[in-house]
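# Geometric and topological summary
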Amino acid sequence: MTVICTNGFSRPNTDPTASQQRTSILVLNLMPNKQGTEDQIISLFEETNLPIALTFMYPKSHVWRHGDQADLAENYVSLDDISDQYFDGLLVTGAPLEKLDFDDVDFWSEFNAIRDWSQTHTTTQLFTCWSAQAALYTDFRLPKINLEDKIFGVFENQLLGTSLPQWFQIPQSRFSAVDRTDVLNCPAVSILGDNQATGPFILKANNQNTLYVLGHPEYNADTLSTEYYRDLEKHQPVKAPENISLTAPQFAYAHWRCCSRYLYQEWVKQSFLLKENNSHEQKQLQF
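Thresholds applied
Residues numbered from 1 in each chain as written. Predicted model: local features only at pLDDT ≥ 70, side-chain atom pairs only at ≥ 80, totals over all residues. Heavy atoms only, no water. Buried < 20%, exposed > 50% of the residue type's maximum accessible area, 1.4 Å probe, protein only. Helix = DSSP H or I, 4+ residues; strand = E, 2+ residues; numbered from the N terminus. Pairing = 2+ DSSP bridges. Axes fitted to C-alpha atoms, helices over the stretch in contact; angles between N-to-C directions. Contact = heavy atoms within 4.5 Å. Phe/Tyr/Trp six-rings, centres within 6.5 Å; stacked < 30°, edge-to-face > 60°. Lys NZ or Arg CZ within 6 Å of the ring centre and 35° of its normal.

### Thoughts on helix 7 (residues 223-233)
Of the residues making up helix 7, those classed as buried are Thr223, Leu224, Ser225, Glu227, Tyr228 and Asp231. At the exit of helix 7 stands His235, carrying a positive phi of roughly 60°.

As structure tokens, then:
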């Protein structure tokens, strides 16, 4: 087994020695469906074939309305629980919050506290979807741009000359974006992935070991179609996801899954190398 979980709802390992000699990843899970998101993240990490120990975290100041708060506290850690611990990487999920102003998010102060803590207690950080936009604002004051139409579907990198291949794809499901001009005017950030329809969707901090991925690399083949039919049932105005078949999503999935696996694999490898070489030549994520 390449991945063990120190806690969580899916399959916690109670052996205190099991996580030794593994790359330690702290996962701040902000998604409503905690176990479903756990399963997606675990599955993708397992495909990297790297020895990994996952610890799941929650924002203590947020009331979880999709399950029992006491169960969440029992199965997850909060910042208070691990404030004196160190991890090789921090992964932060998305959350269905993009229509809210950041100051209106009930755990916004705690999010900023976790971000500050991560700078000294984790070697690298990977923020996805909403959390990527939140971290870009926290780190560089890059504003979130609210959109009338949802960015929904699978979109590929159209930007030449970056370390990511042009064919790199990632699922998108969001009502917000970052402005390309704002990013280009911020010298502390580089764009690695971009698309005319979505705007920049993979960015890197130039002077810290952080990736910002405006998308959901962990999504399964049927996640976009499930979201589409869910919104239809709620009579919400929604268009079918782009660049994916609702009846045969496995063809698009096979492509983006390779890209997601590459992203996770490279991030974990470099998180480990940066920790091992902390006093040597490699100081930055090489993306």
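### Concerning the pairing of strand 10 (residues 210-213)
Burial along strand 10 is two-sided: Thr210 and Tyr212 and Leu211 and Val213, pointing in opposite directions, are all buried. Of the pairings in the sheet, the one linking strand 5 (residues 122-128) to strand 10 comprises four bridges and is parallel in character. Each bridged residue has a counterpart across the sheet, and for Gln125 the counterpart in strand 10 is Thr210. By the bridge criterion, three bridges tie strand 9 (residues 202-205) to strand 10 in an arrangement that is antiparallel. In the sheet register, Ile202 faces strand 10, and the bridge partner there is Val213. If you look at the hairpin formed by strand 9 and strand 10, you'll find four residues sitting between the two strands.

### What about unusual backbone geometry?
Its identity as a non-glycine residue notwithstanding, Cys129 has a phi of 45°, on the positive side. Tracing the sequence through the fold places Cys129 in the loop between strand 5 and helix 5 (130-140). Phi at His235 takes a positive value of approximately 60°, unusual for a residue other than glycine. One can find His235 in the loop between helix 7 and helix 8 (250-276).

### Quick notes on the sheet that holds strand 8 (residues 189-193)
On the basis of which strands lie adjacent, the open sheet formed by eight strands has the order 1-3-2-4-5-10-9-8 and mixed pairing. Looking at the sheet topology across the chains shown, the edges are occupied by strand 1 (3-5) and strand 8. Mean inter-strand twist for the sheet, computed between neighbouring axes without regard to direction, equals 20°. In terms of strand pairing, strand 2 (residues 23-28) meets strand 3 (residues 52-57) through six bridges, oriented parallel. By the bridge assignment for strand 3, Ile25 is matched with Leu54.

### Quick notes on the side chain of Thr198
When you line up the elements, Thr198 lands in the loop between strand 8 and strand 9. The residues contacting Thr198, other than those within four sequence positions of it, are Ile151, Phe155, Gln172, Arg174 and Ala177.

### Details of the packing of aromatic side chains
All chains considered together, the criterion is met by 19 aromatic pairs. Three or more aromatic residues joined by ring pairs make a cluster, and in this case those are Phe102, Phe107, Trp108, Phe111, Phe127, Trp130, Tyr137, Phe140 and Tyr212. The ring of Tyr137 carries Arg141 above its face, with NZ or CZ at 4.6 Å from the centroid. The ring centre of Phe102 lies 5.4 Å from the NZ or CZ of Lys144, which sits over that ring.

### Some thoughts on helix 5
Most of helix 5 is tucked away, with eight of its 11 residues classed as buried. For helix 5, the full list of buried residues reads Trp130, Ser131, Ala132, Gln133, Ala134, Ala135, Leu136 and Thr138. Arg141 occupies a position one or two residues after helix 5 and carries a positive phi of about 60°.

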